[in-house]
Structure formats: C-alpha cells, structure tokens
Amino acid sequence: MALVLNNVNGRLQQRRGYVSRDLAGIMVIIAVAAIGYFAFPDNLALLTRMITIALLVLSLDLVTGYCGVATLGHAALFGSGAYAAGILSAHYGINDPLLMLLAGIAGGVASGLLSGAIILRAHGLPQLVLSIALIHLFHEFANKASSWTGGSDGLSGIAPDPVLGFFEFDLYGRTAFFFGMTLLLVVFVLLRLLVRSPFGMLCRAIKQDPLRVRAMGGSPKGALIRMYAISGAVAGVGGALNAISTQVVGFDSLSFTQSAEALVMLVLGGTGSLFGALSGTIIFMLFEDYVSAANPFHWLTMVGALLIAVVLFAPKGLYGTAANFIDRRREQRS
C-alpha cells in the first residue's frame, strides 16, 4: 500500500513539475512577444513572419526530432496550407480568417498524409532523397496549376475579413501579430500535451528502436503517418497565417530553400524539443535580419560561421545544450 501511495505521489509531483514548466515556458513566450512588440513597433511584419516560420519548424520537429524521420521537403506542407487558404479567398471569395485557417489545416493534413505515405517507404539517405523529390514535385505542380496558384507571379487577391468581425488587418500589422501569437500559443499548448501523451511516447520509442515496438505489437508506420498528418496540420496553420498576414502566396512558401532553412533552425535550437524549435527560429531569423542589414555582401559567411560553431560546440543545439547544463548543475547540487 505504501509503495502504491509513493508511486502516486511521484506521478503527481512529476505532473506538477510538467505543468509548472509549461506555465513558465508560456510566460517566457508571452514576455518575448511583448518585448518584440515594443522593441520593433515598426517591423511587426518580421515578427509575424517569425511566428509563421516557428509553426513550420515546430511541425518539422514532430517528425524529425520526435520520430527520427529525415526530411528536406517539409515546406511542401507549409506551402499547401498557404495555397489552400489563399485559393479559398482569391477564387471563392471566402475571406473569414478562421475559415481560411481551417482550409490551411486541411491542405497541410492532405499533403502530410501524401508525403508521409511516400517518404516512410524508405529509410536513411533514400528517405532524404524522396523528400527532396517531393518538394520539387509540389513546386512544379504549383507552377503548372498557374490558373489557381498564380504561377510565378504569385497568388494575389487575398483579402481577409476582420478577425471575429472586429479586428481588421491594418497596415501596421498589429492584428496579424496578435492573431499569430494566439495561434502559436494554442498550437504550442496542444503540442506539449501531444508529445507527453502515450502516442507521443510511442513515437519517441519508434525513433529509438522501431523493431522492438513492432515486436511488442505496435505499428510504427501507422503511428508515423498519423504524426505526419498532425505535423501537416501545424504546418498548415503556419502557411494559412502567412497567406492571411501577407495577402499573397508565392513559390517561396514551398521551396527547397524554405525546407532547408527550417531544418537549420531546428538543429540550431535543438531537435526533440518544442522550446528548442522556437528558440532556434528566433535566433536564426533575428541574426539573419541583423547581419544582412549590417553587411549585405558577407552576411551569409557570418550565418555559416554561426552554424558551424553551434554544430561543433553545441551539438544538441543552443537550447538543448543549455537545458542539459542546467540539469547537470541541479543534479550536482542535489
């Protein structure tokens, strides 16, 4: 009886620890957003762009960081969400932001299921090659379907209505910023619950040892495809937000460069951690914006030097390395 009570108390304390960490993390996200809002009042478009890319990197972390799936074509999910939301507005005149958001989620889920079904048929390097082939196929499909996507000129004519009928999308980008922050917080909380759920633990086990999971009666491929669909939904939210905030969708939303940069941001912050995905996105985009403005001719060299330094001296990413250091200090004190 005492052993059972100790186990229950241990689980309760663990859950309280998780809740306290999550609340602290949410407060940090809100604080960073507030600092950004007051520090860059004339550049809210950049902050909103960071939110859209952060959603893409979070979605990539689900399949790469938590499931171990190698991919360089994840922007296909992001771009599908952007085009789905944009087409709904530009061609059908449905301009409600929430309906556009649902269209983006649907587009992301559909492309996620398609991508997952193809990419998961291979492993390792062939898997990476398949993901690259997919992103180019999505790009070419958008190019050929120019009557719907606008082709190389981009999809314009997107005119979102005010959010909930009250908050109009102004030229200063305030509504887009707060709308994006609300979406980011909701998605972040849901993903924190997901990665700690039995399904999330199953995906981590598949990353570690898929053969053992299969021997225990689990279905690694089925679980990974479900995670790909969830990842597509998150990327679709980011794509829809991008279409709503910029009111135009171009090929860059599903380009190989976008996929590669998302992976770089994830590695920079730390894979297998939602906080790592967010911190990597913020650091990379702020650093890129600053050095490109300070030195337009050699900024790529500085970005490359930063990435080399992180890979060599912080292989778990900036956030992952810092978190491990703090955990070791706590263990030493206890």
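To be clear, the structure that these remarks concern was listed above.
Predicted model, so just to flag it, every value in this text is computed and none were measured.

Chemist: Report on the nonpolar core, specifying residues and quantitative values.
Modeler: Counting 85 residues, the largest nonpolar core has Leu58, Leu62, Val69, Leu191 and Met227 as its most contacted members. No other element matches helix 2 (residues 44-64), which puts 14 residues into this core. When near neighbours in sequence (up to four residues on either side) are disregarded, Leu58 contacts Leu184, Leu191, Val234, Leu274, Ala277 and Leu278.

Chemist: Give me a positive patch on the surface: which residues, what numbers.
Modeler: Together, Arg21, Arg329, Arg330 and Arg333 make up a region of like positive charge exposed at the surface. Looking at the positive patch element by element, the count peaks at three residues for helix 14 (residues 318-333). Its place among the elements puts Arg330 in helix 14.

Chemist: Which residues make up the environment of Leu185, and what values do they have?
Modeler: Here Leu185 shows up in helix 7 (residues 174-196). Other than its neighbours up to four places away in sequence, Leu185 contacts Ile26, Ile29 and Ile30.

Chemist: Kindly report on the packing of aromatic side chains, identifying the contributing residues and their values.
Modeler: Tallied over the entire structure, the rule returns eight aromatic pairs. Relative to Phe38, the ring of Tyr37 has its centre 5.3 Å away and its plane inclined at 85°; by these criteria the two rings are edge-to-face. On the basis of relative accessible area, Phe38 is assigned to the exposed category, the value being 68%. Through pairs of rings, three or more aromatic residues link up here, namely Tyr37, Phe38, Phe177 and Phe178.

Thresholds applied
- Residues numbered from 1 in each chain as written.
- Predicted model: local features only at pLDDT ≥ 70, side-chain atom pairs only at ≥ 80, totals over all residues.
- Heavy atoms only, no water.
- Core = buried A, V, L, I, M, F, W, Y, C linked by side-chain atoms within 4.5 Å.
- Buried < 20%, exposed > 50% of the residue type's maximum accessible area, 1.4 Å probe, protein only.
- Helix = DSSP H or I, 4+ residues; strand = E, 2+ residues; numbered from the N terminus.
- Contact = heavy atoms within 4.5 Å.
- Patch = residues over 30% accessible without salt bridge, like charges linked within 9 Å, V, L, I, M, F, W, Y side chains within 5 Å.
- Areas by Shrake-Rupley, 256 points an atom, 1.4 Å probe, with all protein chains shown as cover.
- Salt bridge = Lys/Arg side-chain N within 4 Å of Asp/Glu carboxyl O.
- Lys, Arg positive; Asp, Glu negative; His and termini not counted.
- Charge placed at Lys NZ, Arg CZ, Asp CG, Glu CD.
- Phe/Tyr/Trp six-rings, centres within 6.5 Å; stacked < 30°, edge-to-face > 60°.

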